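# Summary of the model geometry
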Amino acid sequence: MGASIAYHLAARGVRDVVLVERGTLAGGPTGRSTAILRRHYSQPLLVRMAEHGLRMYSQFEEAVGRGCGFVRTGLLVGVDPRDRGALEHNVEVARAEGVLMELLDSDELAEIEPRIDAGELDYCLEPEAGYCDPYLATAGFASAARRDGAEIAEGVTAETVAPGEVQTSRGTVSAGSVVVAAGPWSPSLLAPLGYELPIRSARAEVGRFRLPAGFGPPLPALADFSASQLYFKPSEPGFIEVGSLSPDHAERPIDPDACPEGAEAETLEAFGHGLRKRLRGAESGHWRGSWSAIYDVTPDWHPAIGQVPGTDGVFVVAGFSGHGLKLGPAVGLSVAELVCDGRTTTFDLSLLDPARFERNELVSTTYGYSVLG
């Protein structure tokens, strides 16, 4: 988020942009993202934002000057038949926004990808979905921002935030506008301003699974909303990355500064069971490593983007609940509009107003699983 915002501000001609990064670029949750890029959402706003992101990532080198490792894989979403109505709704929302998406029956799925066992689920296909390399995307934004005059201060910790300035581990940075885009660390920076951002830091575990030799060409990405509650996406040849779709992440909050490195053995066992059920021929595959990252989860699993209530010139961009990378280009563009113009024009972000939590006006979804948005 920070790199995208810096890039978009610098591209607008703002020459005194400073990005304060306490570690290294993409050294936190971003660098551990599986970086799936899809437009499957219940809210038209998020479909439009994700569409903007997918379009930019797929043309990243042309737009930014460096590639981001974009690969088009397609995405299959499978749901229990009781959720077919919600699935149909999401397909209709996507189509209304110009996104290519279609419902599939089991025969159509078998024709597209015979290695996936349709089982008892109903499916849709988003053929233009894909993924990118989250580090390359972040580095690309940062490089372009630097080229246009922005300063990227790595290894610098923001300690306190106030209108007009940020106290850092290297001194005070004066600023007409301050944007807090610190993921799970955002609430602690904003609390002294009298704004309570309701974010839980939740652990997200991912396993790297080696498919059997001769398994065949790369698979499409898959979101499996059966009892398995898992997703996978292809990575380097012969491997897939597997993670959880369960909203139970948020029921087990963790300290963002003490997130375990790898996935738990029982998590990988559950993932393996789900893979064997859904993926024909995966039985003789095996795990080749794992990692954990952090979701910054809001009560409605949607981000807070906008001016911090009760402040002048302080903005918050946090609470993406696992959706941040795909929305990052649209967020960077929108924050640049907020800072430079005082309002957004490309996207109407009123749905994501940071004050909605105090008003108890949470974003609703017709989908039964919050992780999907």
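Now for a quick tour of the structure. (Residues numbered from 1 in each chain as written. Predicted model: local features only at pLDDT ≥ 70, side-chain atom pairs only at ≥ 80, totals over all residues. Heavy atoms only, no water.)

## Quick look at the pattern of salt bridges
- If you walk through the whole model with that rule in mind, you get 26 salt bridges.
- With a shortest N-O distance of 3.2 Å, Glu 241 and Lys 233 are connected by a salt bridge. The same class applies to Glu 241 and to Lys 233, which are both buried. (Salt bridge = Lys/Arg side-chain N within 4 Å of Asp/Glu carboxyl O. Buried < 20%, exposed > 50% of the residue type's maximum accessible area, 1.4 Å probe, protein only.)

## As for the nonpolar core
- Of all hydrophobic cores here, the largest spans 63 residues; its most connected members are Met 49 and Tyr 57.
- Element by element, the count of residues in this core is highest for helix H2 (residues 44–58), at eight residues.
- Met 49 has contacts with Ile 305, Lys 326, Leu 327, Ala 330, Val 331, Phe 347, Leu 349 and Leu 352, leaving out every residue within four places of it along the chain.
- Membership of the second largest hydrophobic core comes to 23 residues, among which are Leu 104, Ile 116, Ala 118 and Phe 271. (Core = buried A, V, L, I, M, F, W, Y, C linked by side-chain atoms within 4.5 Å. Helix = DSSP H or I, 4+ residues; strand = E, 2+ residues; numbered from the N terminus. Contact = heavy atoms within 4.5 Å.)

## A look at unusual backbone geometry
- For Trp 301, which is not a glycine, the phi torsion comes out positive at approximately 65 degrees.
- Overall, the relative accessible area of 6% leaves Trp 301 in the buried class.
- Located in the positive-phi region is Asn 360, a residue other than glycine, with phi close to 60 degrees.
- With respect to the secondary-structure elements, Asn 360 resides in the segment after helix H10 (356–359).

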